[in-house]
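The lines below spell out each chain.
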Amino acid sequence: MPHPYSHIPELMNLEAGRSLVRIPVELDVPFTPRVRAIVDTPEFQRLAHISQLGLASKVYPGATHTRFEHALGVFLNSLKYLWQLGRDPRFAAVVDSHRAEVLMVSALLHDLGHWPFCHPIEDMELPELQHHEAFAAEFLKPHRELAQVLRSEWNIDPAEVLDVLEPITDSVPLRLMRSVLSGPIDIDKMDYLDRDSLHCGVPYGRHFDKQRLMQSLLVNEAGDGLALSSKGKTAAELMVFARYVMFSEVYWHHAVRSATAMFARSFFELRGRFDLRAFFELTESETIRELRQAARGTDCESLTEGVFGPKRRLFKRVIELTHSLHPDLYSQLAGRPYDFLVRVGRRLCESLSSVLGRPLSPVDILIDAPPPHREVEFNVSIFDPKERTYQPLNRVSPVVEALAKT
């Protein structure tokens, strides 16, 4: 029986090794004329000017890779997932060829709405800001070149892509497509763990069996998301651990968090000086220039210059609060709104000014509390073919249960 997606040009090229573009590390991405048409648009090219890990390069100098490179990696993963899942009759019955192509385009454009230093800005959850997926709609408006390419080259309505990226309607096919793009074992994590690890020069995000995971993919019991066969259980455990260690050693490294906290506080204080819609369309270098210029002569100048100036001057840790270290203080600050942390920090500066007998700037002490939604748990089911049952990974894996909850 022929593969249901074998006529899709990009999948044919993946199998035949034709019309490819090379990205690290030794990955060949099918680059057909219609893929090139998307990549060559101004809306997509802007991703080449946005780094994937933002301020992590202040600690890991190699971490200067871009969302452009990452988007191509996620697109490649979408083809690999479709090739595997197309063999599952339940998946092929729900995701027809057109939906498969919508999923491919959505993978390529999944970071379209990102702006420079997007995540630390979003983590503040300021009421005037929309999420980056919603911001993608700006780049898919009818007058934009990207929207015209989708219609002319792919026969895809931009609204179909937006509905995958930022749910508007609900259906079983859409839930299944979204789980491929954004779920426990999605094509996004499969790329960024490996790619971030490679560019940071650390091994942690690469020590799981991606091939085994992909070969284990199938549809979950409800038919609206992904699950794994039992042969993928160990690979899934290793992926959970890889993500856990990448957070602890890279994404939440104390010096990375210092630079991030300094950037976030300066943006918080200076945001009223910018037209945010125009600001978020800037390249990374333009964003840095605008922020430094706005900070001149203000309390925030020490923050912006410490991170982006000619001499690196990152804040040092004074105290660290965890479940086990100073639990009472931790419980009062963890998961609280960003503006609450700012108010506490300002009060602390005022109090210490009195104790020290000299004035402190309101931004001399920063409180950095990671947002509560940065979870580690992978909520995915494991299918046992002998028992014909689906069990949550954390129920069949004490390793995952411990990492997620303890």
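The structure presented is a predicted model; accordingly, all values stated were derived computationally and were not measured.

S.K.: I would appreciate a short explanation of the pattern of salt bridges in the present structure.
M.R.: Between side chains of opposite charge, pairing is possible as soon as their charged atoms come close. Counted under the stated rule, the structure contains 27 salt bridges. We note a salt bridge from Arg 34 to Glu 10, for which the minimum N-O separation is 2.7 Å. Here Glu 10 lies in helix 1 (residues 9-16) and Arg 34 lies in helix 2 (residues 33-39), a separation of 24 residues in the sequence. Salt-bridge contacts for Arg 151 lead to Asp 157; the nearest nitrogen and oxygen are separated by 3.8 Å. A cluster of three or more residues bridged by salt bridges with shared partners is formed by Glu 43, Glu 138, Lys 141, Arg 144, Arg 277 and Glu 281.

S.K.: Explanation requested: the sheet that holds strand 3 (residues 217-219) in the structure shown.
M.R.: Across a sheet, strands are paired by hydrogen bonds formed along the backbone, either parallel or antiparallel in direction. Across the sheet, four strands lie side by side as 3-4-5-6; this open sheet has mixed pairing. Each of the sheet's edge strands pairs with one partner strand only, and the pair in question is strand 3 and strand 6 (389-392). Averaged over all pairs of adjacent strands, the angle between strand axes in this sheet comes to 45°, irrespective of strand direction. Bridge count for strand 5 (residues 381-384) against strand 6 is four bridges, and the pairing is antiparallel. When the bridges of strand 6 are listed, Asp 384 appears paired with Thr 389. Contacting strand 3 and strand 4 (226-229), helix 4 (residues 67-85) runs over the sheet at an angle of about 65° to strand 3.

S.K.: What's the story with the pairing of strand 5 in this structure? I'm lost.
M.R.: Both faces of the sheet carry side chains from a regular strand, because those side chains alternate between them. Strand direction decides the pairing type here: strand 4 and strand 5, joined by two bridges, are parallel. Bridged to Ser 229 within strand 5 is Phe 383. Two successive antiparallel strands, strand 5 and strand 6, enclose a turn made up of four residues, where Arg 388 displays a positive phi of approximately 55°.

S.K.: Just to check I follow, could you spell out the environment of Ser 229 for this structure?
M.R.: For Ser 229, the position within the fold is in strand 4. Sequence-wise, Ser 229 and Phe 383 are 154 residues apart; in three dimensions their C-alpha atoms are separated by 4.6 Å. Setting aside residues no more than four positions away along its own chain, Ser 229 makes contact with Ser 216, Leu 218, Ile 382 and Phe 383.

S.K.: In this structure, what is going on with helix 6 (residues 97-108)? I would like to understand it.
M.R.: Along an α-helix, residues three or four apart share an orientation, since each turn contains 3.6 residues. In this model, helix 6 (12 residues) spans 17 Å end to end at C-alpha, consistent with the 16 Å of a helix rising 1.5 Å per residue. Within helix 6, nine of the 12 residues are buried, leaving the element largely enclosed by the surrounding structure. Residues of helix 6 that are buried: Ala 100, Glu 101, Val 102, Leu 103, Met 104, Val 105, Ser 106, Ala 107 and Leu 108. For helix 6, the capping residue at the N-terminal end is Asp 96, with a side-chain oxygen 3.3 Å from the backbone nitrogen of His 98.

Each value, and the rule that gives it
- Residues numbered from 1 in each chain as written.
- Predicted model: local features only at pLDDT ≥ 70, side-chain atom pairs only at ≥ 80, totals over all residues.
- Heavy atoms only, no water.
- Salt bridge = Lys/Arg side-chain N within 4 Å of Asp/Glu carboxyl O.
- Helix = DSSP H or I, 4+ residues; strand = E, 2+ residues; numbered from the N terminus.
- Pairing = 2+ DSSP bridges.
- Axes fitted to C-alpha atoms, helices over the stretch in contact; angles between N-to-C directions.
- Contact = heavy atoms within 4.5 Å.
- Expected span 1.5 Å × (residues − 1).
- Buried < 20%, exposed > 50% of the residue type's maximum accessible area, 1.4 Å probe, protein only.
- Polar contact = N/O pair within 3.5 Å; in protein donor to acceptor, adjacent residues only side chain to side chain.

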